[in-house]
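A structural walkthrough
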Amino acid sequence: SGGTTINFEASVDGSTWTPILGTKVGTTSSGSTTLEPGDWVFSIAGYKYVRARISDYSAGEITIQGFATVLT
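Notes on the structure in this doc start here. Everything quoted here is computed from the prediction, not taken from an experiment.

1. Re the packing of aromatic side chains
Counted by the stated rule, this structure contains 4 aromatic pairs. One aromatic cluster is present, built from ring pairs that chain together F8, W40 and F42.

2. Some remarks on the pattern of salt bridges
Tallied over the entire structure, the rule returns 3 salt bridges. Across the pair E9 and R51 runs a salt bridge, and its minimum N-O distance is 2.6 Å. Remark: R51 occurs in strand 7 (residues 49-55) and E9 occurs in strand 1 (residues 5-11); sequence separation between them is 42 residues. E9 gets classed as buried once you look at its relative accessible area, which sits at 7%. Notably, a salt bridge pairs E36 with K24, separated by 3.5 Å at the nearest N-O pair. Here the residue E36 occupies a position in the loop between strand 5 (33-34) and strand 6 (40-42), and K24 occupies one in strand 3 (residues 22-24), the gap between them amounting to 12 residues.

3. Some remarks on the sheet that holds strand 3
Spatial strand order, 4-3-6: 3 strands in an open sheet with antiparallel pairing. Every interior strand has two partners, whereas the edge strands, strand 4 (30-31) and strand 6, have only one. Across 2 bridges, the pairing between strand 3 and strand 4 is antiparallel. Each bridged residue has a counterpart across the sheet, and for G22 the counterpart in strand 4 is G31.

4. Things to note about the layout of surface pockets
The volume enclosed by the largest pocket comes to roughly 1,200 Å³. As for the largest pocket, its lining consists of 33 residues, of which F8, W40, F42, Q65 and G66 are closest to the centre. A breakdown of the residues in the lining of the largest pocket according to their chemical character gives 19 nonpolar, 9 polar and 5 charged.

Parameters at a glance
Residues numbered from 1 in each chain as written. Predicted model: local features only at pLDDT ≥ 70, side-chain atom pairs only at ≥ 80, totals over all residues. Heavy atoms only, no water. Phe/Tyr/Trp six-rings, centres within 6.5 Å; stacked < 30°, edge-to-face > 60°. Salt bridge = Lys/Arg side-chain N within 4 Å of Asp/Glu carboxyl O. Helix = DSSP H or I, 4+ residues; strand = E, 2+ residues; numbered from the N terminus. Buried < 20%, exposed > 50% of the residue type's maximum accessible area, 1.4 Å probe, protein only. Pairing = 2+ DSSP bridges. 1 Å grid on protein atoms, 1.4 Å probe; cavity = no way out; pocket = protein on both sides within 12 Å on 5 of 7 lines; lining within 4 Å. Points joined across faces, edges and corners; volume = space filled by probe spheres on them. Nonpolar A, V, L, I, M, F, W, Y, C, P; charged D, E, K, R; others polar.

Structure representation (structure tokens):
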């Protein structure tokens, strides 16, 4: 109960983290956090590190996979 929050963040130095805005695939919904399963797309130009930080964990299994591609 209460939900689990996944916070999308990026960093240039691996020390200072900033929320990044993403768009949930197949929707026009955007945000820097989610409470629901789904695929997200981010523009992370200029960042060296990306993470999905878990907060307000309630229960269950969480699996995060990342894929990077260069847009031309």
